[in-house]
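Coordinate analysis (summary)
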Amino acid sequence: TIDEFWNNIVMGCIGNTLDLKGLLTGVRLVDKLGSRTANIRLEVWFRCPVGHPDVLELRQVVKDCMHTRLDGTLTKVKTPALEIKSHVT
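Predicted, not measured: the structure shown is a model, and the values here were computed from it. (Residues numbered from 1 in each chain as written. Predicted model: local features only at pLDDT ≥ 70, side-chain atom pairs only at ≥ 80, totals over all residues. Heavy atoms only, no water.)

**Regarding the overall build of the chain**
The helix and strand inventory of the chain stands at 2 helices and 2 strands. Secondary structure elements of the chain occur, N-terminal to C-terminal, as α-β-β-α. A compact globule built from 89 residues would reach a C-alpha radius of gyration of about 12 Å, and the chain, at 13 Å, matches this within 12%. The C-alpha extent of the chain, read off along each of the three principal axes, is 35 × 30 × 20 Å. Expressed as a percentage of its 89 residues, the buried residues of the chain come to 24%. Across the chain, every contact between residues at least 6 apart in sequence was considered, and the portion connecting residues at least 24 apart equals 41%. Charge centroids of the chain, computed over 12 positive and 10 negative side chains, lie 7 Å from each other. (Helix = DSSP H or I, 4+ residues; strand = E, 2+ residues; numbered from the N terminus. Rg over C-alpha atoms; globule rule 2.2 N^0.38 Å. Buried < 20%, exposed > 50% of the residue type's maximum accessible area, 1.4 Å probe, protein only. Contact = heavy atoms within 4.5 Å. Lys, Arg positive; Asp, Glu negative; His and termini not counted. Charge placed at Lys NZ, Arg CZ, Asp CG, Glu CD.)

As structure tokens, this is what we get:
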């Protein structure tokens, strides 16, 4: 399902079908399966500070996108943990 989540996010960004209000600056798939603490992480980068009201809306848009299959149906797979971290310096 990580493949489907990644595919949905990338296609939503490329196809400009996500209502992101110009907030999105990038997406990244991080594969650390070979490390001591094995994990896979999807990152969605955005241009506003964490406390901004649009961040919660962006989070919901990304979550909805991850769960929408190519045929438009919704997957029943549990949403992975969604963390919001500040990278503003």
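From this point, the narrative continues.
**Here we look at helix α1 (residues 2–14)**
Helical periodicity: at 3.6 residues per turn, an α-helix aligns residues three or four positions apart in one direction. For α1, with 13 residues, the first-to-last C-alpha span of 18 Å sits near the 18 Å given by 1.5 Å per residue. Looking at the buried positions of α1, the neighbouring elements they touch are β1 (24–31), β2 (40–46) and α2 (53–67). Downstream of α1 by a residue or two, asparagine 16 has a phi angle that is positive, lying close to 55 degrees. (Expected span 1.5 Å × (residues − 1).)

**Re the side chain of asparagine 8**
Inspection of the secondary structure assignment puts asparagine 8 in helix α1. The buried category is assigned to asparagine 8, whose relative accessible area is 6%. In terms of polar contacts, asparagine 8 uses its side chain to reach the backbone carbonyl oxygen of threonine 68, at 2.8 Å. Apart from residues lying up to four places away in sequence, asparagine 8 is in contact with Cys65, Met66, His67, Thr68 and Leu70. (Polar contact = N/O pair within 3.5 Å; in protein donor to acceptor, adjacent residues only side chain to side chain.)

**Overview of the nonpolar core**
Listed in full, the 9 residues of the largest apolar core are Phe5, Ile9, Leu18, Leu20, Leu58, Val61, Val62, Cys65 and Met66. Going through the elements one at a time, α1 and α2 are the ones with two or more residues in this core. (Core = buried A, V, L, I, M, F, W, Y, C linked by side-chain atoms within 4.5 Å.)

**Description of α2**
In this model α2 runs 23 Å from its N-terminal to its C-terminal C-alpha over 15 residues, within 8% of the 21 Å that 1.5 Å per residue would give. Within the span of α2, buried status applies to Asp54, Val55, Leu58, Val61, Val62, Cys65, Met66 and His67. Those residues of α2 hidden inside the fold are in contact with α1 and β2.

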